[in-house]
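Coordinate inspection notes
Each chain, written out:
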Amino acid sequence: MVTNSQRSLPPPPRHPTSCCSAAEIMSVLFFHTMRYKASDPRNACNDRFVMSKGHAAPILYAAWAEAGYIKETELLKLRRIDCELEGHPTPKLAFVDVATGSLGQGLGAACGMAYTGKHFDKSSYRVFCLLGDGECSEGAVWEAMAFASYYQLDNLVAVLDVNRLGQSEAAPLQHNMETYRKRCEAFGWNTYVVDGHDVEELCKAFWQAQQVKGKPTAIVAKTFKGKGLNGIENEDNWHGKPIPKDRVDSLLAELQAQMQTNKPLSPEQPNEDAAEADLSPISLPSPPQYATGDKMATRRAYGVALAKLGQASQKVVALDGDTKNSTFSETFKKAHPERYIECFIAEQNMVSVAIGCATRDRTVAFASTFAAFLSRAYDQIRMAAISQSNVNLVGSHCGVSIGEDGPSQMALEDLAMFRAIPTCTVFYPSDAVSTERAVELAANTKGICFIRTSRPDTAVIYSPEEKFEVGHAKVVRQSDSDKVTVIGAGITLHEALAAADQLAAEGVNIRVVDPFTIKPLDAATIVSCARATGGRVITVEDHYKEGGLGEAVCAAVAEEPGIVVQHLAVSRVPQSGKPQELLDLHGISAKSIAAAVRATFAN
């Protein structure tokens with residue numbers, strides 16, 4: 001798309017051919033079909049656009065320059081360190097809701113936006129997503145296709161830019177348009193196959209899409225990579241490559257000769273039927289209703305807390321991947337069925353949908369499944385950080401303490417996974433009270449939040465009035481004669497307390513610390529406790545050694561002289577067995593902790 005404002009500008013330094021294939025599509029979308037306020041890209045009432053084929057970012061920037069939002073001088077600084085127009089779109093830009101570039105994820109986020117518009121906002125705004133044909137090899141695209149069809153998201157339009165060529169060779173279906181049609185229709189989408197370079201056909205297809213009720217629409221556009229670039233159009237080996245300098249002037253002249261009007265373009269205005277985002281804090285309507293000593297699994301307490309939070313705010317929504325009777329998100333569903341989204345066994349799409357739901361602060365989204373299965377969606381989680389998303393993810397069934405189900409169901413990598421994500425706060429509550437407070441805090445914490453919940457029932461150790469803060473640990477057992485500091489979380493905190501009782505009977509006192517958040521970790525409390533116990537620290541976790549609680553503690557005390565950390569963790573792939581048998585087998589039970597304390601003190 002050569003815009004009026006771009007005539008004197010050089011072509012984009014990268015991906016011009018991918019932009020050219022989408023030129024007419026973007027022109028029709030931005031200056032015929034979509035309704036939005038060009039001066040206010042994040043207006044709640046605006047139609048949404050997701051550039052799933054994120055490498056075509058320059059044409060997105062060109063569209064917003066033509067709309068008058070981006071200055072021409074900024075286009076000249078594309079990809080430079082002093083410019084926010086990056087190589088792929090990110091929400092540093094007000095007109096970008098989700099980061100793209102890792103292909104196959106845009107449609108899932110668009111599904112979340114469309115579901116929110118239809119069911120939560122009950123607004124007339126529509127959602128458009130531009131996909132490349134290459135990314136349609138990603139399974140996540142078809143997870144999203146199934147989701148949109150199942151929920152009859154007739155406010156969603158996916159445009160497939162079928163330009164035949166991938167990065168290194170032709171896409172699998174090349175220009176087999178009928179197969180694309182059949183696939184989309186088989187997934188329950190209203191589908192049109194069009195010439196993606198015919199403006200009239202595109203206008204008609206977008207108009208027809210708006211008339212269809214009960215189905216999302218796929219517009220399958222046959223295009224040519226590098227359209228309009230003589231000697232480059234539809235040729236291999238041009239993906240991501242700049243136009244040679246000696247050809248720029250002649251190619252621009254050819255394109256400009258095709259322009260038929262200098263008339264300024266401006267979008268239609270949206271309907272004013274979506275409320276401004278509610279940014280007020282969300283608080284539990286009542287304190288936790290547990291007495292010290294009560295037995296309650298933290299996964300069950302999560303469901304109770306989420307239902308209570310939903311009572312406090314209409315913004316709170318819950319998603320799950322067909323594990324709601326195990327994660328206990330079903331408690332929320334029973335209380336607020338209109339704000340629960342069943343995503344079925346499609347965790348990648350579930351995370352993308354949650355990210356989409358949370359855009360523009362429309363909802364406070366909590367998505368849950370077994371923590372082990374969130375590893376399948378790690379790329380979506382990684383991109384959520386780049387998207388500046390405020391999504392909340394909850395993983396149950398962590399560690400060997402789940403018991404007989406065996407290693408495929410045991411999350412033993414999740415702490416490492418989430419600790420590596422920038423913007424992520426990692427909660428690891430150890431009882432029902434701290435779980436309720438973790439849910440409340442997550443709802444009000446910027447960035448990604450991960451809450452790790454456990455399967456077994458554990459004793460309530462905190463009073464309902466106990467205050468919790470992000471990055472503040474709790475010292476749950478201490479005396480003036482403590483010999484060792486033991487740091488546990490979740491199930492291992494209870495094992496540490498049991499070990500403390502055993503050792504106290506032998507005349508040995510230990511200090512027991514509950515970190516509450518693994519990231520950020522309360523380094524000050526840990527260092528203080530370590531110094532009070534002669535520099536002796538033992539960490540114990542129901543997680544692999546790599547990247548979990550132990551390594552977080554080691555990092556926190558790395559520059560402190562005289563502190564030695566012993567690390568008890570799961571050191572090999574586990575097996576089925578009873579929870580207590582497995583805790584003993586992997587050396588993270590009360591018995592193992594007590595033995596480690598004796599050995600440490602003896603040395």
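Named according to an unreviewed UniProt entry, the protein chain is transketolase originating from Albula glossodonta. Under Subunit (unreviewed entry), UniProt gives the following word-for-word description of the protein chain: "Homodimer."

1. Focus: the UniProt feature "domain: Transketolase-like pyrimidine-binding" (unreviewed entry) in the protein chain
The UniProt feature table records "domain: Transketolase-like pyrimidine-binding" (unreviewed entry) at residues 296-460. Measuring from the first to the last C-alpha atom of residues 296-460 gives 7 Å, for a span that is 39% helix and 18% strand.

2. Quick notes on the sheet that holds strand S1 (residues 48-51)
Taken in spatial order, the five strands of this open sheet run S1-S2-S3-S5-S4, and their pairing is parallel. Each edge of the open sheet is held by one strand with a lone partner, namely S1 and strand S4 (190-195). Going from strand to strand, the sheet's axes swing by 20 degrees on average, the running direction of each strand aside. Bridge analysis of strand S3 (residues 156-162) against strand S5 (residues 217-222) gives six bridges, and the strand direction is parallel. Of the residues in S5, the one forming a bridge with valine 162 is lysine 222.

3. A short note on helix H5 (residues 106-120)
Its 15 residues give H5 an end-to-end C-alpha distance of 20 Å, which sits within 8% of 21 Å, the value for a rise of 1.5 Å per residue. Of all the 15 residues making up H5, 13 are buried; the element is thus mostly covered by neighbouring parts of the structure. Once H5 finishes, lysine 122 follows within two positions and takes phi at roughly 50 degrees, a positive value.

4. Focus on the state of the cysteines
In protein chemistry, a disulfide is the covalent bond that joins the sulfur atoms of two cysteines. The full count for this structure, using the stated rule, is zero disulfides. Left without a disulfide partner, cysteine 45 is nearest to the cysteine sulfur of cysteine 357, which lies 18 Å away. Summary of cysteine pairing: cysteine 398 is not part of a disulfide, and the nearest cysteine sulfur, belonging to cysteine 424, is at 15 Å.

5. Some thoughts on the side chain of serine 589
Mapped onto the elements, serine 589 comes out in the loop between helix H20 (579-585) and helix H21 (590-602). Looking at serine 589, the relative accessible area reads 0%, which means it is buried. Separated by 2.5 Å, the side chains of serine 589 and aspartate 584 make a polar contact. Excluding its chain neighbours within four sequence positions, the residues that come into contact with serine 589 are Glu495, Gln580, Leu583 and Asp584.

Rules used throughout
Residues numbered from 1 in each chain as written. Predicted model: local features only at pLDDT ≥ 70, side-chain atom pairs only at ≥ 80, totals over all residues. Heavy atoms only, no water. UniProt positions renumbered as here; feature names shortened; annotations may be inferred. Helix = DSSP H or I, 4+ residues; strand = E, 2+ residues; numbered from the N terminus. Pairing = 2+ DSSP bridges. Axes fitted to C-alpha atoms, helices over the stretch in contact; angles between N-to-C directions. Expected span 1.5 Å × (residues − 1). Buried < 20%, exposed > 50% of the residue type's maximum accessible area, 1.4 Å probe, protein only. Disulfide = S-S within 2.5 Å. Polar contact = N/O pair within 3.5 Å; in protein donor to acceptor, adjacent residues only side chain to side chain. Contact = heavy atoms within 4.5 Å.

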